[in-house]
Amino acid sequence: MPHIAVTMYPGRDEEIKSRFAEKLTAFVAEELGVSPSVVSVSVEDIDKKDWEKHLASFDEEIMYVKEGRSIKS
């Protein structure tokens, strides 16, 4: 608790993904008032051709920020 699942286009190396995951962990721990030891982060590459289908697989109710910066209120 909590887990952050990040999906992105391929092309970033493991070092970049690792730094990104560490920064996300620190931010989430601070923002939610939890220990970084309880935060997990996964990163999955999704091919550009599959991106629309991938985004469509998420229920609207869990999409808090959408491409184009549509923010759920």
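Residues numbered from 1 in each chain as written. Predicted model: local features only at pLDDT ≥ 70, side-chain atom pairs only at ≥ 80, totals over all residues. Heavy atoms only, no water.

## As for the pairing of strand β1 (residues 3-8)
Spelled out, the test is: Think of it in three bands: with a 1.4 Å probe and only protein chains considered, a residue is buried below 20% of the maximum accessible area for its type, exposed above 50%, and partly exposed in between. Counting from the N terminus, the helices are DSSP H or I runs at least four residues long and the strands are E runs at least two residues long. For two strands to count as paired, DSSP must find a minimum of two bridges between them. A crossover gets the label right-handed when its path from the first strand over the helix to the second runs clockwise, viewed with the strands pointing away from the viewer.
Side-chain alternation along β1 places Ile4, Val6 and Met8 on a buried face and His3, Ala5 and Thr7 on a face that remains uncovered. As judged from the six bridges shared by β1 and strand β2 (residues 40-45), these two strands associate in the parallel manner. Bridge pairing links threonine 7 to glutamate 44 in β2. Between the parallel pair β1 and β2, the chain is carried across by helix α1 (residues 14-32), and the sense of this crossover is right-handed.

## Describing the packing of aromatic side chains
Going by this rule: The aromatic pairing rule takes the rings of Phe, Tyr and Trp, using the six-membered ring of Trp, and pairs them if the centres are within 6.5 Å, calling planes under 30 degrees apart stacked, those over 60 edge-to-face and the rest tilted.
A full pass over the atoms with the stated rule returns one aromatic pair. Ring centres of tyrosine 9 and tryptophan 51 lie 5.2 Å apart, and the angle between their planes is 70°; on these two criteria the pair is classed as edge-to-face. Highlighted residues: tyrosine 9 in the loop between β1 and α1 and tryptophan 51 in helix α2 (residues 51-56), separated in sequence by 42 residues. We classify tyrosine 9 as partly exposed; its relative accessible area is 35%. For tryptophan 51, a relative accessible area of 10% corresponds to the buried category.

## A look at the UniProt feature "domain: 4-oxalocrotonate tautomerase-like" (unreviewed entry) in the chain
Keep this limit in mind: UniProt positions are given in the numbering used here, feature names are shortened, and annotations may be inferred rather than shown by experiment.
As recorded in UniProt, the sites labelled "domain: 4-oxalocrotonate tautomerase-like" (unreviewed entry) are residues 2-51. Counted over residues 2-51, helix gives 40% and strand 24%. Its end C-alpha atoms are 25 Å apart.

## Observations concerning unusual backbone geometry
A negative phi holds for most residues other than glycine; trans holds for most peptide bonds. Across the junction of methionine 1 and proline 2, the peptide omega takes the value -20°, indicating a cis bond. Topologically, proline 2 is positioned in the segment before β1.

## Overview of α1
To keep it simple, the criterion reads: The span you would expect from a helix comes to 1.5 Å times its residue count less one. Each C-beta atom gives one direction from the helix axis, and the arc is the one those directions make. A contact between two residues is defined here by any heavy atoms of the two lying within 4.5 Å. Residues adjacent in sequence count toward polar contacts only when both atoms are side-chain atoms; beyond that, a polar contact is any pair of N or O atoms within 3.5 Å, and within protein one must be able to donate a hydrogen and the other to accept it.
With 19 residues, α1 should cover 27 Å at 1.5 Å per step; its first-to-last C-alpha distance of 26 Å lies within 8% of that length. Within the span of α1, buried status applies to Lys17, Ala21, Leu24, Thr25, Val28 and Ala29. Across the axial projection of α1, the buried residues extend over an arc of 125°, all falling on one side. Of the residues in α1, the exposed ones pointing more than 90 degrees away from the buried face are Glu15, Glu22, Lys23, Phe27, Glu30 and Glu31. The elements touched by buried residues of α1 are β1 and β2. Its side-chain oxygen 3.1 Å from the backbone nitrogen of glutamate 15, aspartate 13 forms the N-cap of α1. Positive phi appears at glycine 33, one or two residues downstream of α1, with a value of about 70°.

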